[in-house]
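Each chain, written out:
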Amino acid sequence: MASAAIVSSLRRRRSPSLEAFLAPVDLNEVALVRTLATISMELIFAFSDRPWPFQRKNSRSLIRKIEVFLVLLEFLRDCNLSLPSAAVLCFKELYLLLYRSKILLDYCLQSSKLWLLLQNQSISGHFHDLNQEISTLLDVFPMEELVLTEDIREQLELLQKQVRRAKLFVDKNDEGLRLRLYSFLDDFGSGRIPDPVELQLFFVDRLGIRDAKSCRAEIEFLEEQIYSHEGDVEPNVAVLNGFVALTRYCRFLLFGFEESEVEMSIGIKKPRKGLITQEIGDTFITVPKDFCCPISLDVMRDPVIISTGQTYDRTSISRWMEEGHCSCPKTGQMLAHPRLVPNRALRNLITQWCTAYGITLDPPDSPDSVVETFAAALPTKAAIEANKATAALLVQQLASGSQGAKTVAAREIRLLAKTGKENRAYIAEAGAIPHLLKLLSSPNSVAQENSVTAMLNLSIYDKNKSRIMDEEGCLGLIVEVLIFGHTTEARENAAATLFSLSAVHDYKKRIADEGGAVEALAGLLREGTPRGRKDAVTALFNLSTHTDNCARMVVSGAVTALVGALGTEGVAEEAAGALALIVRRPIGAEAVGKEEMAVAGLLGMMRCGTPRGKENAVAALLELCRSGGTAATERVLKAPALAGLLQTLLFTGTKRARRKAASLARVFQRCENAALHFGGLGVGYAFARNSSANTDASFSSEVSMQMPISVPVL
């Protein structure tokens, strides 16, 4: 057969994955044979007599085929025979085939046992594909053009007959185990908890998963597959989440809770970016501001449009109307009618964004809403029931286990509460919060850190906020962790917990009145890590939205800390937003006015800040002039470069920034001798005179709208 025909015949059967390898085109025939012999020998040495958990027959059959090729290659290497061009081309294809074999054999040895079971049919198909490629290779291999011994020729011919007859082989025992694994998931899906004896027999005796460490490794491997999951690969993400939940349940049911201090200290792994288990980790995700409700500051679960054309989360705007308000919180305009129209386009965008970042978006409570979600990302009933059973086991250990078992249970509750409204609800309903509360004062740093982080993750579910706040002494202990926590992460997560709880308006005053809370947040903002400062400033901002907290913010030193944060990247925007709220009260304006660097810091943000930062800065200066009296107004008025900054904002700022700049210009226009300082703002004044009288309505709602802050899941 001609060389071109040989190559064409082989490449028609080649899997696309072979494109990942390059044939050794730069090797001469002698070097090529030696290389192939070496690779074959290494494969046989590495994979012979290995304890294959699954795919035993397919793996060993492939190794035997490689052994036949090794006999041929060693003969050609030792005889130093000249090879015809067709043989050289075949050996280059063999080079790729051997590497493909190595990848498949490695995969079968290094993958988790559960994953190999779930992929049993697919992996068997890969072995069959290799058989087909070997068959094609032998069909075109020019044995008649080579001087081979009779024994080698017979082995090649026998191998050729075997691979021609070979059919897809799926091990019946492996397939039976796979179906049994699915049956356990079906039990949970039907509301039944599988028999513990059957689970013991399956996981320990048949799969050889004999301790908590190996079980945890199985869970982590499955989670990695979820992260790297391809849309058309079976099982889908929802089913994989079910198997993770099943395996987590078995980990505690079968192997208990006792672990060494070393194991507990390394139990929380830093996830790979994008892991769908929703571990956001050490940083906040910047949520697009259009996705956040101007009232609650949180990502909208059910966005609706009111008569003024503004969009709010249905729960927040409904509560606003129920309180007797007849105006738009954002614009101050009177509502023409109370109808709420679902903003489905925005809802779809939010859902897609959450899916892209691996964030669980809890569905809205309202039956009237239209919610479009990705079915593959929704938890199955089996996963929910398995996690519910796991939560019961964990809470039982929190209540009556040893100190070590309680520490392990707190860590696992922290992990389980990372995702899903259902998980957070079941854990709290099972009674976890009172027991986690006791661990907040534990001398064990691991126990304390995991318990406060579990509180944080549980608090993300709205109904759990009241459970935490109503638990006697819980708020005080969270504040104690914030002040005296054993680790930096514990203190930071305590701050994030306070922020999460303060999303409920009625709790903002209680949190601020808790002894040492605001002082500790101010200290963390001054001296914390970048993430700690972010936790602190978001909590302080939220507390600032309650007007009765202004005095506490002043006497606690929070104002000084917020002013100092104006020059710190990552927290400056929120700091300016909080100051803009504080200065609306005379006592707050007086305190900010006394801060030597306040005006300079706000001007610096107007000059170099982000668009949102500039909005907050000019808003803070405007409110300082309105509430701080003549002295504050004069201090702002005499600030250098203010005229140029205002003019820049009037023409290049965002819509809100232009409104605030125009209002500030009008304030100065009314001041005595203002023309000496602002004679060059003629165009700006014209803009200001034409501004709507309602531009500054609902100020706190506007500031809140600019703070798209999301509670981290840790």
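Residues numbered from 1 in each chain as written. Predicted model: local features only at pLDDT ≥ 70, side-chain atom pairs only at ≥ 80, totals over all residues. Heavy atoms only, no water.

Chemist: Would you mind showing me how to read the overall build of the protein here?
Modeler: Scanning the protein for helices and strands turns up 37 helices and three strands. With 714 residues in all, the protein has 56% of them scored as buried. Considering only intrachain contacts with a sequence separation of at least 6, the fraction spanning at least 24 residues in the protein is 74%. In the structure as shown, the protein presents an accessible area of about 30900 Å², 52% of it carried by carbon and sulfur atoms. (Helix = DSSP H or I, 4+ residues; strand = E, 2+ residues; numbered from the N terminus. Buried < 20%, exposed > 50% of the residue type's maximum accessible area, 1.4 Å probe, protein only. Contact = heavy atoms within 4.5 Å. Areas by Shrake-Rupley, 256 points an atom, 1.4 Å probe, with all protein chains shown as cover.)

Chemist: Mind showing me how you'd approach the sheet that holds strand β3 (residues 341-342) here?
Modeler: The pairing of strands in a sheet comes from backbone hydrogen bonds and takes either a parallel or an antiparallel form. In space, the three strands of this open sheet follow the order β2-β1-β3, with antiparallel pairing throughout. Each of the sheet's edge strands pairs with one partner strand only, and the pair in question is β2 (311-313) and β3. Relative to β2, strand β1 (residues 303-305) runs antiparallel, the two sharing three bridges. Note that in β2 the partner of valine 304 across the bridge is tyrosine 312. Running over the sheet, helix α13 (residues 314-322) touches β1, β2 and β3 and is turned about 95° from β2. (Pairing = 2+ DSSP bridges. Axes fitted to C-alpha atoms, helices over the stretch in contact; angles between N-to-C directions.)

Chemist: Where do I start with the side chain of threonine 453 in this structure?
Modeler: Structurally, threonine 453 is set in helix α19 (residues 445-459). A polar side-chain atom of threonine 453 sits 2.7 Å from a polar atom in the side chain of asparagine 493. (Polar contact = N/O pair within 3.5 Å; in protein donor to acceptor, adjacent residues only side chain to side chain.)

Chemist: Would you explain the packing of aromatic side chains in this entry?
Modeler: When we look at a pair of aromatic rings, we describe it by the centre distance and by the angle of the planes. This model, assessed by the stated rule, comprises eight aromatic pairs. Geometrically, the ring pair formed by phenylalanine 91 and phenylalanine 141 is tilted, given 5.5 Å between the ring centres and 55° between the ring planes. Linking phenylalanine 91 in helix α4 (residues 85-110) with phenylalanine 141 in the loop between α6 (120-140) and α7 (150-165), this pair joins segments that are 50 residues apart in sequence. Aromatic pair phenylalanine 188 and tyrosine 249: ring centres 5.5 Å apart, planes at 85°, arrangement edge-to-face. In this pair, phenylalanine 188 is assigned in helix α8 (residues 172-189) and tyrosine 249 in helix α11 (residues 237-255), connecting sequence segments 61 residues apart. Residue class for phenylalanine 188 comes out buried when judged on its relative accessible area of 1%. For tyrosine 249, a relative accessible area of 5% corresponds to the buried category. Among the aromatic side chains, those forming a connected cluster through ring pairs are Phe184, Phe202 and Phe203. We note lysine 57 situated over the ring of phenylalanine 169; from NZ or CZ to the ring centre the distance is 4.3 Å. (Phe/Tyr/Trp six-rings, centres within 6.5 Å; stacked < 30°, edge-to-face > 60°. Lys NZ or Arg CZ within 6 Å of the ring centre and 35° of its normal.)

Chemist: Just checking my understanding: could you explain a negative patch on the surface for this structure?
Modeler: The grouping of Glu150, Asp151, Glu154 and Glu157 at the surface amounts to a negative patch. Following the sequence through the fold, glutamate 154 ends up in helix α7. Residue glutamate 154 is classed as partly exposed on the basis of its relative accessible area of 44%. (Patch = residues over 30% accessible without salt bridge, like charges linked within 9 Å, V, L, I, M, F, W, Y side chains within 5 Å. Salt bridge = Lys/Arg side-chain N within 4 Å of Asp/Glu carboxyl O. Lys, Arg positive; Asp, Glu negative; His and termini not counted. Charge placed at Lys NZ, Arg CZ, Asp CG, Glu CD.)

Chemist: Quick question: what am I supposed to make of α19 here?
Modeler: Note that an α-helix has 3.6 residues per turn; residues three or four places apart therefore point the same way. For α19, with 15 residues, the first-to-last C-alpha span of 21 Å sits near the 21 Å given by 1.5 Å per residue. Among the 15 residues that make up α19, 14 are buried, leaving the element largely enclosed by the rest of the structure. Two to three positions downstream of the cap, the backbone nitrogen of valine 446 sits 2.8 Å from a side-chain oxygen, assigning the N-cap of α19 to asparagine 444. (Expected span 1.5 Å × (residues − 1).)

Chemist: I would appreciate a short explanation of the packing of helix α21 (residues 474-484) against helix α24 (residues 517-527) in the present structure.
Modeler: The relative placement of two packed helices is expressed as an angle between their axes plus a distance between the axes. Interaxial distance between α21 and α24 falls to 9 Å at its minimum, and their mutual angle equals 35°. Taken as a pair, α21 and α24 cross one another with a handedness that is left-handed. Two secondary-structure elements touch here, α21 through Val479, Leu482 and Ile483 and α24 through Ala517, Ala520, Leu521 and Leu524. (Left-handed = near helix turned anticlockwise from the far one by under 90°.)

Chemist: When you look at the nonpolar core in this model, what are you seeing that I'm missing?
Modeler: As a rule of thumb, nonpolar side chains are buried together in soluble globular proteins. Phe91, Phe203, Leu246, Leu562 and Met606 are the most contacted members of the largest nonpolar core, which totals 191 residues. Looking at which element gives the most residues to this core, the answer is α4, with twelve residues. (Core = buried A, V, L, I, M, F, W, Y, C linked by side-chain atoms within 4.5 Å.)

Chemist: Can you walk me through α11 in this structure?
Modeler: For α11, which comprises 19 residues, the first-to-last C-alpha distance of 26 Å matches the rise-based estimate of 27 Å (1.5 Å per residue) to within 8%. Between a side-chain oxygen at the N-terminus of α11 and the backbone nitrogen of alanine 238 the separation is 3.2 Å; the capping residue is asparagine 236. Within two residues after α11, glycine 256 carries a phi angle of roughly 75°, on the positive side.

Chemist: What am I meant to see in the packing of α11 against helix α16 (residues 403-416) here?
Modeler: Their axes nearest at 13 Å, the elements α11 and α16 cross at an angle of 175°. Looking at the two axes, α11 sits roughly antiparallel to α16. Every residue of α16 that contacts α11 at Arg248, Arg251 and Phe252 is listed here: Val408, Arg411, Glu412 and Leu416. Residue composition of the contact of α11 with α16, by class: three nonpolar, no polar and four charged. (Parallel < 35°, antiparallel > 145°, perpendicular 65-115°, else oblique. Nonpolar A, V, L, I, M, F, W, Y, C, P; charged D, E, K, R; others polar.)

Chemist: I tried to follow the environment of phenylalanine 499 on my own but got confused; where do I start?
Modeler: Following the sequence through the fold, phenylalanine 499 ends up in helix α22 (residues 488-501). Of the residues examined, phenylalanine 499 reaches a relative accessible area of 5% and is grouped as buried. Residues phenylalanine 499 and alanine 536, spaced 37 residues apart in sequence, show a C-alpha to C-alpha distance of 8.1 Å.

Chemist: For this particular structure, what's the right way to read the pattern of salt bridges?
Modeler: Opposite charge on two side chains allows them to pair when their charged atoms are near. In this structure the tally under the stated criterion is 24 salt bridges. A salt bridge links glutamate 449 to arginine 414, with the shortest nitrogen-to-oxygen separation between them at 3.8 Å. A residue pair is termed long-range when its members are at least 10 positions apart, and glutamate 449 in helix α19 and arginine 414 in helix α16 qualify at 35 residues. Summarising the burial analysis for this pair, glutamate 449 and arginine 414 share the class buried.

Chemist: Is there a simple way to explain the confidence of the model for the protein in this structure?
Modeler: As a note on interpretation, predicted positions should not be read in detail where pLDDT is low. Per-residue pLDDT for the protein has a mean of 81; in total, 82% of the residues score no lower than 70. Scored below 50 in pLDDT, residues 1-21 shows 32 contacts in the model against residues more than four places distant or in partner chains. Throughout residues 365-378 the model reports pLDDT below 50, and contacts reaching past four residues in sequence, or to other chains, amount to 25 contacts. (pLDDT = per-residue confidence, 0-100.)

Chemist: Please clarify how the environment of tyrosine 95 should be interpreted in this entry.
Modeler: Relative to the helices and strands, tyrosine 95 resides in helix α4. Sequence separation of tyrosine 95 and isoleucine 39 is 56 residues, and the distance between their C-alpha atoms is 8.5 Å.

Chemist: What am I meant to see in the side chain of glutamate 133 here?
Modeler: Note that glutamate 133 resides in helix α6. A polar contact of 2.6 Å, which involves the side chain of glutamate 133, links it to the side chain of arginine 100.

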